[in-house]
Amino acid sequence: MKFEQQLALITIPSWAEHYLNYKELKEVLYSDSNKTQESGSCFTATFKTEIAKINKWYEEQEASAQAKLGELQGQWRADMDRGSQDIWKAQFTRLLQQLENLADFTQANLTGCRKILKKADKVLGEPMMRMLWPEVTRLRFAKSEADEVLLREAREAWRKRTAVPIVQAGETLARRISPVVSTVTELDLQSFPGGKVSRVWVALAEDGLGLPIRVPVIVAKGMAEGPVVGITAALHGNELNGIPLIHRLIDELDVESLHGTLVAVPVANAPGFLLSQRGYSDGTDLNRVMPGKVNGSSPQVYAYNLVHRITRHFEYHLDLHTASRGRINSLYVRADLTDPRTARMARLQNPQIIVHNTSPGGSMRGASMQRGIPAITVEVGDPSRFQKRFVKNALIGVTNILSHLRMVPDEESTPEYTPVICSRSFWIFAKSGGILTVHPEVATWVRAGELIASVHSVFGDLEEEYFAPQDGVIVGKHVDPVCQTGNRILHLGVVEDALPAVVDDGHL
(Lines give C-alpha, C1' and ligand atoms only; values in the text may rest on other atoms or scores of the structure.)
Protein backbone atom coordinates (compact mmCIF):
# COMPACT_ATOMS: atom_id res chain seq x y z
CA MET A 1 0.00 0.00 0.00
CA LYS A 2 1.23 3.47 -0.96
CA PHE A 3 4.67 2.30 -2.10
CA GLU A 4 5.18 5.57 -3.94
CA GLN A 5 5.13 7.44 -0.60
CA GLN A 6 7.30 4.77 1.04
CA LEU A 7 9.89 5.18 -1.70
CA ALA A 8 9.89 8.94 -1.26
CA LEU A 9 10.58 8.57 2.47
CA ILE A 10 13.56 6.22 2.06
CA THR A 11 15.12 7.98 -0.94
CA ILE A 12 18.58 9.46 -0.34
CA PRO A 13 17.87 13.13 -1.22
CA SER A 14 21.10 13.78 -3.14
CA TRP A 15 20.50 10.65 -5.24
CA ALA A 16 16.78 11.22 -5.84
CA GLU A 17 16.98 11.75 -9.62
CA HIS A 18 18.65 8.35 -10.06
CA TYR A 19 15.88 6.31 -8.39
CA LEU A 20 13.10 4.49 -10.20
CA ASN A 21 10.47 7.08 -11.14
CA TYR A 22 7.59 5.05 -9.76
CA LYS A 23 5.06 7.85 -10.23
CA GLU A 24 5.86 8.29 -13.92
CA LEU A 25 5.75 4.55 -14.51
CA LYS A 26 2.28 4.34 -12.94
CA GLU A 27 1.04 7.19 -15.13
CA VAL A 28 2.41 5.54 -18.28
CA LEU A 29 1.00 2.19 -17.18
CA TYR A 30 -2.55 3.50 -16.78
CA SER A 31 -2.24 5.44 -20.04
CA ASP A 32 -1.24 2.21 -21.80
CA SER A 33 -4.18 0.36 -20.29
CA ASN A 34 -6.56 2.68 -22.18
CA LYS A 35 -5.05 1.82 -25.55
CA THR A 36 -6.76 -0.73 -27.76
CA GLN A 37 -3.57 -1.65 -29.59
CA GLU A 38 0.03 -2.19 -28.48
CA SER A 39 -1.03 -2.22 -24.86
CA GLY A 40 2.03 -1.95 -22.64
CA SER A 41 4.45 -0.74 -25.31
CA CYS A 42 5.06 2.69 -23.77
CA PHE A 43 5.31 1.21 -20.30
CA THR A 44 7.88 -1.33 -21.48
CA ALA A 45 10.02 1.36 -23.13
CA THR A 46 9.80 3.66 -20.10
CA PHE A 47 10.60 0.83 -17.70
CA LYS A 48 13.71 -0.13 -19.68
CA THR A 49 14.87 3.50 -19.69
CA GLU A 50 14.38 3.70 -15.92
CA ILE A 51 16.34 0.54 -15.10
CA ALA A 52 19.16 1.63 -17.44
CA LYS A 53 19.31 4.93 -15.52
CA ILE A 54 19.47 3.10 -12.20
CA ASN A 55 22.18 0.76 -13.45
CA LYS A 56 24.31 3.61 -14.81
CA TRP A 57 24.33 5.36 -11.43
CA TYR A 58 25.05 2.10 -9.62
CA GLU A 59 28.05 1.34 -11.84
CA GLU A 60 29.43 4.86 -11.39
CA GLN A 61 29.10 4.67 -7.60
CA GLU A 62 30.54 1.17 -7.39
CA ALA A 63 33.56 2.11 -9.51
CA SER A 64 34.26 5.31 -7.58
CA ALA A 65 33.89 3.53 -4.22
CA GLN A 66 36.22 0.72 -5.28
CA ALA A 67 38.83 3.21 -6.44
CA LYS A 68 38.50 5.28 -3.26
CA LEU A 69 38.84 2.21 -1.05
CA GLY A 70 42.07 1.21 -2.78
CA GLU A 71 43.36 4.78 -2.55
CA LEU A 72 42.63 5.07 1.17
CA GLN A 73 44.09 1.66 1.96
CA GLY A 74 47.27 2.72 0.18
CA GLN A 75 47.44 6.02 2.08
CA TRP A 76 47.28 4.52 5.56
CA ARG A 77 50.52 4.36 7.56
CA ALA A 78 50.83 3.32 11.19
CA ASP A 79 53.15 6.27 11.89
CA MET A 80 50.77 8.94 10.52
CA ASP A 81 50.41 11.96 12.78
CA ARG A 82 47.10 12.62 14.50
CA GLY A 83 46.03 15.31 12.04
CA SER A 84 46.64 13.07 9.03
CA GLN A 85 44.79 10.22 10.74
CA ASP A 86 41.79 12.47 11.35
CA ILE A 87 41.70 13.49 7.67
CA TRP A 88 41.99 9.83 6.62
CA LYS A 89 39.20 8.79 9.01
CA ALA A 90 36.91 11.57 7.73
CA GLN A 91 37.45 10.44 4.12
CA PHE A 92 36.93 6.80 5.06
CA THR A 93 33.73 7.65 6.91
CA ARG A 94 32.39 9.33 3.77
CA LEU A 95 33.31 6.20 1.78
CA LEU A 96 31.43 3.99 4.22
CA GLN A 97 28.41 6.28 3.93
CA GLN A 98 28.59 6.04 0.13
CA LEU A 99 28.66 2.23 0.26
CA GLU A 100 25.80 2.08 2.77
CA ASN A 101 23.79 4.42 0.56
CA LEU A 102 24.54 2.24 -2.45
CA ALA A 103 23.22 -0.86 -0.66
CA ASP A 104 20.03 1.01 0.32
CA PHE A 105 19.70 2.40 -3.22
CA THR A 106 19.93 -1.08 -4.73
CA GLN A 107 17.38 -2.63 -2.39
CA ALA A 108 14.87 0.22 -2.79
CA ASN A 109 15.02 0.08 -6.58
CA LEU A 110 14.74 -3.70 -6.76
CA THR A 111 11.67 -3.52 -4.56
CA GLY A 112 10.26 -0.74 -6.76
CA CYS A 113 10.83 -2.78 -9.92
CA ARG A 114 9.06 -5.81 -8.48
CA LYS A 115 6.10 -3.77 -7.29
CA ILE A 116 5.55 -1.85 -10.53
CA LEU A 117 5.79 -5.06 -12.57
CA LYS A 118 3.24 -6.79 -10.34
CA LYS A 119 0.96 -3.80 -10.78
CA ALA A 120 1.49 -3.96 -14.53
CA ASP A 121 0.43 -7.63 -14.53
CA LYS A 122 -2.89 -6.66 -12.94
CA VAL A 123 -3.55 -3.46 -14.90
CA LEU A 124 -2.61 -4.74 -18.35
CA GLY A 125 -3.60 -8.36 -17.85
CA GLU A 126 -0.33 -9.46 -19.40
CA PRO A 127 2.69 -11.25 -17.86
CA MET A 128 4.86 -8.13 -17.61
CA MET A 129 6.78 -9.54 -14.61
CA ARG A 130 7.74 -12.65 -16.58
CA MET A 131 8.71 -10.58 -19.63
CA LEU A 132 10.58 -7.70 -17.98
CA TRP A 133 12.04 -9.04 -14.73
CA PRO A 134 14.82 -10.89 -16.64
CA GLU A 135 15.77 -7.49 -18.09
CA VAL A 136 16.35 -6.28 -14.53
CA THR A 137 18.32 -9.28 -13.33
CA ARG A 138 20.76 -9.02 -16.24
CA LEU A 139 21.87 -5.58 -15.05
CA ARG A 140 24.77 -5.13 -12.68
CA PHE A 141 22.82 -3.31 -9.96
CA ALA A 142 20.57 -6.38 -9.61
CA LYS A 143 23.01 -9.25 -10.02
CA SER A 144 26.26 -7.92 -8.59
CA GLU A 145 27.19 -8.39 -4.95
CA ALA A 146 30.13 -6.03 -5.31
CA ASP A 147 28.53 -3.31 -3.18
CA GLU A 148 28.09 -5.74 -0.27
CA VAL A 149 31.62 -7.12 -0.70
CA LEU A 150 33.09 -3.61 -0.80
CA LEU A 151 31.16 -2.62 2.32
CA ARG A 152 32.45 -5.66 4.22
CA GLU A 153 36.01 -4.97 3.05
CA ALA A 154 35.75 -1.31 4.01
CA ARG A 155 34.40 -2.06 7.48
CA GLU A 156 37.11 -4.64 8.09
CA ALA A 157 39.78 -2.22 6.85
CA TRP A 158 38.45 0.44 9.22
CA ARG A 159 38.55 -1.92 12.19
CA LYS A 160 42.10 -3.09 11.43
CA ARG A 161 43.54 0.36 10.86
CA THR A 162 41.83 2.11 13.76
CA ALA A 163 42.34 -0.61 16.36
CA VAL A 164 44.35 1.56 18.71
CA PRO A 165 44.68 -0.32 22.03
CA ILE A 166 43.32 1.51 25.05
CA VAL A 167 46.00 2.25 27.61
CA GLN A 168 45.13 0.76 30.96
CA ALA A 169 45.16 3.17 33.90
CA GLY A 170 47.04 0.73 36.15
CA GLU A 171 47.36 -2.85 37.26
CA THR A 172 44.62 -2.52 39.86
CA LEU A 173 42.03 -1.89 37.11
CA ALA A 174 42.76 -5.25 35.48
CA ARG A 175 41.96 -7.26 38.61
CA ARG A 176 39.16 -9.81 38.57
CA ILE A 177 35.78 -8.22 39.23
CA SER A 178 34.49 -9.28 42.63
CA PRO A 179 31.19 -11.19 42.78
CA VAL A 180 30.01 -8.42 45.12
CA VAL A 181 28.91 -5.57 42.84
CA SER A 182 30.09 -2.19 44.09
CA THR A 183 28.03 1.00 44.28
CA VAL A 184 29.24 4.28 42.75
CA THR A 185 27.69 7.73 42.46
CA GLU A 186 29.22 8.55 39.05
CA LEU A 187 29.83 6.37 36.01
CA ASP A 188 33.50 6.91 35.12
CA LEU A 189 34.04 4.92 31.93
CA GLN A 190 37.79 5.52 32.02
CA SER A 191 38.05 3.53 35.25
CA PHE A 192 36.80 0.27 33.75
CA PRO A 193 39.26 -2.30 32.37
CA GLY A 194 39.37 -3.03 28.65
CA GLY A 195 38.49 -6.48 27.34
CA LYS A 196 36.09 -7.15 30.21
CA VAL A 197 32.45 -6.88 31.19
CA SER A 198 32.02 -4.94 34.44
CA ARG A 199 28.93 -4.53 36.61
CA VAL A 200 28.19 -1.69 39.02
CA TRP A 201 25.32 -0.11 40.86
CA VAL A 202 24.93 3.62 40.27
CA ALA A 203 23.20 5.50 43.09
CA LEU A 204 20.74 8.14 41.85
CA ALA A 205 18.85 9.16 45.00
CA GLU A 206 18.10 8.07 48.58
CA ASP A 207 14.99 6.53 50.10
CA GLY A 208 13.31 7.34 53.43
CA LEU A 209 15.89 5.29 55.36
CA GLY A 210 18.75 7.17 53.78
CA LEU A 211 19.71 4.14 51.69
CA PRO A 212 20.74 4.57 48.04
CA ILE A 213 18.20 4.09 45.26
CA ARG A 214 20.40 2.36 42.68
CA VAL A 215 20.21 1.21 39.09
CA PRO A 216 22.24 -1.68 37.64
CA VAL A 217 24.75 -0.78 34.94
CA ILE A 218 26.71 -3.21 32.75
CA VAL A 219 29.83 -1.87 31.01
CA ALA A 220 31.38 -3.92 28.19
CA LYS A 221 34.63 -2.17 27.26
CA GLY A 222 36.65 -3.31 24.28
CA MET A 223 40.42 -3.33 23.87
CA ALA A 224 40.28 -0.87 20.97
CA GLU A 225 38.92 2.65 20.69
CA GLY A 226 35.43 3.22 19.34
CA PRO A 227 32.10 4.86 20.13
CA VAL A 228 30.11 4.58 23.36
CA VAL A 229 26.69 3.02 22.73
CA GLY A 230 24.16 3.16 25.55
CA ILE A 231 21.05 1.01 25.98
CA THR A 232 18.41 1.79 28.58
CA ALA A 233 15.49 -0.46 29.45
CA ALA A 234 12.53 -0.43 31.87
CA LEU A 235 12.36 3.35 32.20
CA HIS A 236 8.72 2.40 32.60
CA GLY A 237 9.02 -0.13 35.41
CA ASN A 238 6.65 -2.75 33.99
CA GLU A 239 8.07 -2.71 30.44
CA LEU A 240 10.37 -5.70 30.65
CA ASN A 241 11.35 -7.03 27.20
CA GLY A 242 14.50 -4.89 27.14
CA ILE A 243 15.95 -6.78 30.13
CA PRO A 244 16.44 -10.20 28.46
CA LEU A 245 17.56 -8.41 25.30
CA ILE A 246 20.41 -6.78 27.25
CA HIS A 247 21.29 -10.04 29.00
CA ARG A 248 21.50 -11.94 25.70
CA LEU A 249 23.50 -9.16 24.04
CA ILE A 250 26.09 -9.17 26.82
CA ASP A 251 26.26 -12.99 26.86
CA GLU A 252 26.86 -13.17 23.09
CA LEU A 253 29.29 -10.24 22.89
CA ASP A 254 32.98 -11.00 22.30
CA VAL A 255 34.26 -8.11 24.38
CA GLU A 256 37.93 -8.75 23.53
CA SER A 257 37.24 -7.93 19.86
CA LEU A 258 34.87 -5.06 20.66
CA HIS A 259 35.81 -1.60 19.39
CA GLY A 260 34.50 0.96 21.87
CA THR A 261 32.20 0.60 24.87
CA LEU A 262 28.69 -0.72 25.37
CA VAL A 263 26.85 0.62 28.42
CA ALA A 264 23.58 -1.09 29.35
CA VAL A 265 21.07 -0.13 32.03
CA PRO A 266 18.69 -3.13 32.33
CA VAL A 267 16.38 -1.32 34.77
CA ALA A 268 16.38 2.47 34.51
CA ASN A 269 13.37 2.93 36.82
CA ALA A 270 14.28 0.84 39.87
CA PRO A 271 11.39 2.05 42.13
CA GLY A 272 8.77 1.38 39.43
CA PHE A 273 10.31 -2.01 38.61
CA LEU A 274 10.06 -3.13 42.25
CA LEU A 275 6.40 -2.05 42.34
CA SER A 276 5.63 -3.61 38.90
CA GLN A 277 4.29 -0.27 37.74
CA ARG A 278 4.94 2.09 34.86
CA GLY A 279 5.81 5.20 36.85
CA TYR A 280 8.17 6.15 39.64
CA SER A 281 7.27 5.25 43.23
CA ASP A 282 4.86 8.21 43.37
CA GLY A 283 3.38 7.33 39.96
CA THR A 284 5.21 10.05 37.99
CA ASP A 285 6.10 9.03 34.44
CA LEU A 286 9.89 9.45 34.23
CA ASN A 287 9.59 9.70 30.44
CA ARG A 288 7.80 13.01 30.88
CA VAL A 289 10.23 14.77 33.22
CA MET A 290 13.59 14.35 31.42
CA PRO A 291 16.23 15.71 31.79
CA GLY A 292 14.95 16.34 35.34
CA LYS A 293 15.95 19.03 37.83
CA VAL A 294 18.81 19.17 40.29
CA ASN A 295 16.48 20.80 42.85
CA GLY A 296 13.08 19.33 42.09
CA SER A 297 10.66 16.65 43.17
CA SER A 298 11.91 13.11 43.89
CA PRO A 299 11.30 11.84 40.33
CA GLN A 300 12.81 15.01 38.83
CA VAL A 301 16.01 14.61 40.88
CA TYR A 302 16.15 10.90 40.00
CA ALA A 303 15.77 11.76 36.30
CA TYR A 304 18.42 14.48 36.52
CA ASN A 305 20.94 12.09 38.07
CA LEU A 306 20.10 9.34 35.57
CA VAL A 307 21.00 11.74 32.75
CA HIS A 308 24.01 13.42 34.38
CA ARG A 309 25.55 10.35 35.97
CA ILE A 310 24.91 7.83 33.19
CA THR A 311 23.35 8.73 29.83
CA ARG A 312 25.40 11.87 29.20
CA HIS A 313 28.36 9.54 28.56
CA PHE A 314 26.60 7.91 25.59
CA GLU A 315 27.46 8.75 21.98
CA TYR A 316 24.52 6.74 20.63
CA HIS A 317 21.42 5.82 22.62
CA LEU A 318 18.77 3.10 22.28
CA ASP A 319 15.87 3.43 24.73
CA LEU A 320 13.90 0.17 24.95
CA HIS A 321 10.20 0.20 25.80
CA THR A 322 7.04 -1.90 25.37
CA ALA A 323 3.36 -1.06 25.22
CA SER A 324 1.66 0.24 28.37
CA ARG A 325 -0.54 -1.95 30.54
CA GLY A 326 -3.75 -2.89 28.75
CA ARG A 327 -2.23 -2.36 25.27
CA ILE A 328 -0.18 -4.33 22.76
CA ASN A 329 2.36 -3.10 20.23
CA SER A 330 4.03 -4.16 17.04
CA LEU A 331 7.82 -4.19 17.04
CA TYR A 332 8.35 -0.57 16.05
CA VAL A 333 10.79 2.32 16.31
CA ARG A 334 10.17 6.00 16.97
CA ALA A 335 12.90 8.19 15.51
CA ASP A 336 13.52 11.56 13.91
CA LEU A 337 13.80 10.49 10.27
CA THR A 338 15.01 13.93 9.19
CA ASP A 339 18.26 13.20 11.07
CA PRO A 340 20.36 10.83 8.89
CA ARG A 341 21.97 9.26 11.98
CA THR A 342 18.75 8.26 13.69
CA ALA A 343 17.09 7.35 10.39
CA ARG A 344 19.89 4.86 9.75
CA MET A 345 19.66 3.47 13.30
CA ALA A 346 15.91 3.00 12.90
CA ARG A 347 16.24 1.03 9.65
CA LEU A 348 19.01 -1.15 11.09
CA GLN A 349 16.84 -2.03 14.08
CA ASN A 350 14.73 -4.55 12.11
CA PRO A 351 11.28 -3.26 13.16
CA GLN A 352 7.93 -4.01 11.61
CA ILE A 353 7.13 -0.28 11.56
CA ILE A 354 9.17 2.94 11.77
CA VAL A 355 7.33 6.05 12.96
CA HIS A 356 8.75 9.51 12.30
CA ASN A 357 8.64 11.32 15.65
CA THR A 358 10.77 14.31 16.60
CA SER A 359 11.76 13.67 20.21
CA PRO A 360 9.00 15.25 22.33
CA GLY A 361 10.04 17.31 25.33
CA GLY A 362 10.32 15.42 28.59
CA SER A 363 11.29 12.11 27.00
CA MET A 364 14.53 10.21 27.54
CA ARG A 365 15.13 10.23 23.79
CA GLY A 366 14.53 13.97 23.61
CA ALA A 367 17.00 14.60 26.46
CA SER A 368 19.71 12.69 24.59
CA MET A 369 18.93 14.38 21.26
CA GLN A 370 19.19 17.79 22.94
CA ARG A 371 22.73 16.86 23.96
CA GLY A 372 23.58 15.92 20.37
CA ILE A 373 23.39 12.18 21.07
CA PRO A 374 21.56 10.28 18.27
CA ALA A 375 18.76 8.39 20.01
CA ILE A 376 15.88 6.15 19.01
CA THR A 377 13.04 4.55 20.96
CA VAL A 378 12.48 0.85 20.31
CA GLU A 379 9.07 -0.53 21.29
CA VAL A 380 9.57 -4.25 21.89
CA GLY A 381 6.12 -5.79 22.21
CA ASP A 382 3.88 -5.95 25.26
CA PRO A 383 4.20 -5.04 28.97
CA SER A 384 4.87 -7.19 32.06
CA ARG A 385 6.17 -10.20 30.10
CA PHE A 386 9.13 -11.57 28.17
CA GLN A 387 8.40 -12.25 24.47
CA LYS A 388 11.15 -14.32 22.87
CA ARG A 389 10.27 -13.54 19.25
CA PHE A 390 10.27 -9.77 19.73
CA VAL A 391 13.40 -9.93 21.89
CA LYS A 392 15.19 -11.99 19.23
CA ASN A 393 14.36 -9.61 16.38
CA ALA A 394 15.17 -6.50 18.40
CA LEU A 395 18.48 -8.09 19.43
CA ILE A 396 19.37 -8.64 15.76
CA GLY A 397 18.65 -4.95 15.20
CA VAL A 398 20.89 -3.85 18.08
CA THR A 399 23.69 -6.03 16.72
CA ASN A 400 23.18 -4.46 13.28
CA ILE A 401 23.71 -1.01 14.81
CA LEU A 402 26.92 -2.13 16.55
CA SER A 403 28.13 -3.59 13.25
CA HIS A 404 27.25 -0.39 11.40
CA LEU A 405 29.34 1.57 13.94
CA ARG A 406 32.26 -0.82 13.32
CA MET A 407 32.19 -1.94 16.96
CA VAL A 408 31.78 -5.62 16.08
CA PRO A 409 32.65 -7.58 12.90
CA ASP A 410 30.29 -7.17 9.96
CA GLU A 411 27.22 -9.14 11.02
CA GLU A 412 24.29 -7.20 9.59
CA SER A 413 21.35 -9.59 9.23
CA THR A 414 18.48 -9.51 6.78
CA PRO A 415 15.37 -8.31 8.64
CA GLU A 416 12.42 -10.58 9.16
CA TYR A 417 10.22 -7.65 8.10
CA THR A 418 10.25 -5.00 5.41
CA PRO A 419 9.40 -2.08 7.68
CA VAL A 420 6.54 0.27 6.94
CA ILE A 421 7.81 3.84 7.24
CA CYS A 422 5.21 6.23 8.63
CA SER A 423 5.63 9.96 8.16
CA ARG A 424 3.46 10.50 11.25
CA SER A 425 1.13 8.66 13.60
CA PHE A 426 -1.62 9.45 16.07
CA TRP A 427 -3.86 7.85 18.67
CA ILE A 428 -7.63 7.57 18.37
CA PHE A 429 -9.40 8.08 21.71
CA ALA A 430 -12.72 6.82 23.07
CA LYS A 431 -15.55 9.34 23.36
CA SER A 432 -17.65 7.15 25.65
CA GLY A 433 -17.19 4.36 28.17
CA GLY A 434 -18.22 0.73 28.01
CA ILE A 435 -16.90 -2.60 26.75
CA LEU A 436 -14.33 -1.98 24.02
CA THR A 437 -13.45 -4.26 21.11
CA VAL A 438 -10.67 -3.18 18.73
CA HIS A 439 -11.02 -5.20 15.53
CA PRO A 440 -7.82 -5.01 13.40
CA GLU A 441 -4.62 -6.75 14.53
CA VAL A 442 -1.35 -4.87 15.06
CA ALA A 443 0.90 -4.40 12.01
CA THR A 444 -2.06 -4.72 9.61
CA TRP A 445 -3.43 -2.10 7.22
CA VAL A 446 -6.83 -0.44 7.39
CA ARG A 447 -8.60 1.67 4.78
CA ALA A 448 -10.30 5.00 5.39
CA GLY A 449 -13.85 4.34 6.57
CA GLU A 450 -13.12 0.78 7.75
CA LEU A 451 -14.64 -0.25 11.10
CA ILE A 452 -11.84 -0.36 13.68
CA ALA A 453 -13.56 -0.49 17.08
CA SER A 454 -16.90 -0.96 18.81
CA VAL A 455 -18.09 0.00 22.29
CA HIS A 456 -21.00 -1.85 23.90
CA SER A 457 -22.79 -0.99 27.11
CA VAL A 458 -22.60 -3.35 30.10
CA PHE A 459 -26.07 -4.49 29.03
CA GLY A 460 -24.71 -5.59 25.65
CA ASP A 461 -26.17 -2.79 23.52
CA LEU A 462 -24.01 -1.23 20.82
CA GLU A 463 -23.13 2.29 21.98
CA GLU A 464 -20.61 3.55 19.45
CA GLU A 465 -18.55 2.51 16.46
CA TYR A 466 -15.23 3.97 15.34
CA PHE A 467 -14.00 4.09 11.76
CA ALA A 468 -10.52 4.70 10.39
CA PRO A 469 -10.22 8.41 9.53
CA GLN A 470 -7.70 7.59 6.79
CA ASP A 471 -5.60 4.77 5.38
CA GLY A 472 -2.93 3.57 7.77
CA VAL A 473 -1.15 0.75 9.56
CA ILE A 474 -1.94 -0.40 13.11
CA VAL A 475 1.08 0.42 15.27
CA GLY A 476 -0.54 -0.61 18.54
CA LYS A 477 -3.95 -1.00 20.13
CA HIS A 478 -5.88 -1.24 23.39
CA VAL A 479 -6.80 -4.77 24.50
CA ASP A 480 -8.32 -4.12 27.93
CA PRO A 481 -12.07 -4.35 27.29
CA VAL A 482 -12.91 -1.96 30.14
CA CYS A 483 -13.00 1.42 28.44
CA GLN A 484 -13.54 4.89 29.92
CA THR A 485 -14.01 8.16 28.11
CA GLY A 486 -10.60 9.31 26.89
CA ASN A 487 -9.00 5.86 26.80
CA ARG A 488 -6.71 5.17 23.88
CA ILE A 489 -8.23 2.89 21.25
CA LEU A 490 -5.73 2.51 18.47
CA HIS A 491 -2.37 3.91 17.32
CA LEU A 492 -2.53 4.59 13.57
CA GLY A 493 0.57 5.10 11.44
CA VAL A 494 0.13 7.21 8.29
CA VAL A 495 2.21 7.09 5.11
CA GLU A 496 2.54 10.40 3.25
CA ASP A 497 4.90 11.97 0.73
CA ALA A 498 6.99 14.08 3.11
CA LEU A 499 8.29 14.11 6.68
CA PRO A 500 6.95 16.93 8.90
CA ALA A 501 9.65 19.08 10.53
CA VAL A 502 8.00 18.56 13.93
CA VAL A 503 5.66 15.70 14.79
CA ASP A 504 4.54 14.13 18.06
CA ASP A 505 1.94 11.39 18.43
CA GLY A 506 1.32 12.41 22.04
CA HIS A 507 2.79 9.13 23.26
CA LEU A 508 5.97 9.40 25.29
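Here, every reference points to the structure presented above.
Quick look at the structure, then. (Residues numbered from 1 in each chain as written. Predicted model: local features only at pLDDT ≥ 70, side-chain atom pairs only at ≥ 80, totals over all residues. Heavy atoms only, no water.)

Here's the deal with the packing of helix H3 (residues 41-75) against helix H7 (residues 146-161)
At a closest axis distance of 11 Å, the pairing of H3 and H7 adopts a crossing angle of 20 degrees. As far as their axial angle goes, H7 and H3 are roughly parallel. You can see that H3 and H7 cross each other, and the crossing is left-handed. Touching Tyr58, Glu62, Gln66, Leu69 and Gln73 of H3 are Ala146, Asp147, Leu150, Glu153, Ala154, Ala157 and Arg161, all from H7. Of the residues contributing to the contact of H3 with H7, the split by class is six nonpolar, two polar and four charged. (Axes fitted to C-alpha atoms, helices over the stretch in contact; angles between N-to-C directions. Helix = DSSP H or I, 4+ residues; strand = E, 2+ residues; numbered from the N terminus. Parallel < 35°, antiparallel > 145°, perpendicular 65-115°, else oblique. Left-handed = near helix turned anticlockwise from the far one by under 90°. Contact = heavy atoms within 4.5 Å. Nonpolar A, V, L, I, M, F, W, Y, C, P; charged D, E, K, R; others polar.)

Remarks on the pairing of strand S4 (residues 224-233)
Consecutive side chains of a regular strand alternate in pointing toward one face of the sheet and then the other. Among the 10 residues of S4, eight are classified as buried, and the element is accordingly described as predominantly covered. Where S4 meets strand S5 (residues 259-265), six bridges bridge the pair, whose relative direction is parallel. When the bridges of S5 are listed, alanine 224 appears paired with histidine 259. Handedness of the S4-helix H8 (residues 242-252)-S5 crossover: right-handed. Pairing of S4 with strand S6 (residues 316-321) involves five bridges; the strand directions are parallel. What sits directly across from alanine 233, in S6, is leucine 320. (Buried < 20%, exposed > 50% of the residue type's maximum accessible area, 1.4 Å probe, protein only. Pairing = 2+ DSSP bridges. Right-handed = clockwise from strand over helix to strand, strands pointing away.)

Focus on the sheet that holds strand S13 (residues 434-438)
Spatially, S16-S15-S13-S18 is the arrangement adopted by the four strands of the open sheet, whose pairing is antiparallel. A single partner strand is all that each edge strand has here, and the edge strands are strand S16 (462-467) and strand S18 (482-483). In this sheet, strand S15 (residues 451-456) lies alongside S13 in antiparallel orientation, the contact comprising four bridges. The residue of S15 that forms the bridge with threonine 437 is serine 454.

Concerning a nonpolar patch on the surface
On the surface, Ile435, Val458 and Phe459 cluster together into a nonpolar patch covering about 370 Å² of accessible area. Of note, valine 458 is situated in the loop between S15 and S16. We classify valine 458 as exposed; its relative accessible area is 69%. (Patch = residues over 30% accessible without salt bridge, like charges linked within 9 Å, V, L, I, M, F, W, Y side chains within 5 Å. Areas by Shrake-Rupley, 256 points an atom, 1.4 Å probe, with all protein chains shown as cover. Salt bridge = Lys/Arg side-chain N within 4 Å of Asp/Glu carboxyl O.)

Comments concerning the packing of helix H2 (residues 22-33) against H3
The contact between H2 and H3 brings their axes to 8 Å, and the two run at 160 degrees. By the angle between their axes, H2 is roughly antiparallel relative to H3. For the pair H2 and H3, the crossing hand works out as left-handed. Between H2 and H3, the residues in contact are Glu24, Leu25, Val28, Leu29 and Asp32 and Ser41, Cys42, Phe43, Thr46, Phe47 and Glu50, respectively. When its residues are assigned to classes, the contact of H2 with H3 shows six nonpolar, two polar and three charged.

Concerning the pairing of strand S2 (residues 196-206)
Bridging between strand S1 (residues 183-184) and S2 involves two bridges; their strand directions are parallel. Within S2, the residue paired with valine 184 across the bridge is valine 202. The sheet contact formed by S2 and strand S3 (residues 212-221) spans 10 bridges and is antiparallel. Within the sheet, the bridge partner assigned to serine 198 lies in S3 and is valine 219. Hairpin connection of S2 to S3: five residues between the antiparallel strands, including glycine 210 at a positive phi of 80 degrees.

Some points on the layout of surface pockets
In this structure, the second largest pocket occupies an estimated 880 Å³ of space. Taken together, 38 residues line the second largest pocket, and the ones lying closest to its centre are Gln97, Pro340, Arg341, Arg344 and His404. Of all elements in the fold, only helix H1 (3-10), helix H4 (82-124), S4 and helix H11 (340-348) reach the threshold of two or more residues within the lining of the second largest pocket. For the lining of the second largest pocket, the leading source of residues is H4, giving seven residues. When its residues are assigned to classes, the lining of the second largest pocket shows 19 nonpolar, nine polar and 10 charged. (1 Å grid on protein atoms, 1.4 Å probe; cavity = no way out; pocket = protein on both sides within 12 Å on 5 of 7 lines; lining within 4 Å. Points joined across faces, edges and corners; volume = space filled by probe spheres on them.)

Considerations on the packing of aromatic side chains
The relative placement of two aromatic rings is captured by the distance of their centres and the angle of their planes. Counted by the stated rule, this structure contains nine aromatic pairs. When the centroid spacing of 4.8 Å and the interplanar angle of 35 degrees are considered together, the rings of tryptophan 88 and phenylalanine 92 count as tilted. On the criterion of helical spacing, the pair formed by tryptophan 88 and phenylalanine 92 is a turn pair, its members being four residues apart in helix H4. In this structure, tryptophan 88 and phenylalanine 92 share a single accessibility class: buried. Both rings, one in tryptophan 88 and one in tryptophan 158, keep their centres 6.4 Å apart while their planes meet at 20 degrees; by these two values the pair is stacked. One end of the pair, tryptophan 88, is in helix H4; the other, tryptophan 158, is in helix H7, with 70 residues separating them in the sequence. The class of tryptophan 88 is buried, set by a relative accessible area of 1%. For tryptophan 158, a relative accessible area of 13% translates into the label buried. (Phe/Tyr/Trp six-rings, centres within 6.5 Å; stacked < 30°, edge-to-face > 60°.)

Some points on the sheet that holds S4
Across a sheet, paired strands are connected by hydrogen bonds in the backbone, their directions being either parallel or antiparallel. Taken together, 10 strands build an open sheet; the order of strands is S1-S2-S3-S5-S4-S6-S10-S8-S9-S11 and the sheet is mixed. What marks the edges here is a single partner per strand, and that holds for S1 and strand S11 (420-422). Bridging between S6 and strand S10 (residues 375-380) involves five bridges; their strand directions are parallel. Residue pairing for S10: leucine 320 is matched across the bridge by valine 378.

Concerning unusual backbone geometry
Cis peptide bonds are those with omega within 30 degrees of zero, and the linkage from methionine 290 to proline 291 qualifies with 5 degrees. Checked against the element boundaries, proline 291 lands in the loop between helix H9 (270-274) and helix H10 (298-309). In this structure, alanine 234 takes a positive phi of about 55 degrees despite not being glycine. Checked against the element boundaries, alanine 234 lands in the loop between S4 and H8. Of note in this structure, arginine 406 is not a glycine but carries a positive phi near 60 degrees. Along the chain, the position of arginine 406 falls in the loop between helix H13 (388-404) and S11.

Some details on the side chain of serine 423
Inspection of the secondary structure assignment puts serine 423 in the loop between S11 and strand S12 (424-429). Looking at serine 423, the relative accessible area reads 0%, which means it is buried. In terms of polar contacts, serine 423 uses its side chain to reach the backbone amide nitrogen of glutamate 496, at 3.1 Å. Ignoring anything within four residues of it in the chain, the contact list for serine 423 reads Leu9, His356, Val494, Val495, Glu496, Ala498, Leu499, Pro500 and Val503. (Polar contact = N/O pair within 3.5 Å; in protein donor to acceptor, adjacent residues only side chain to side chain.)

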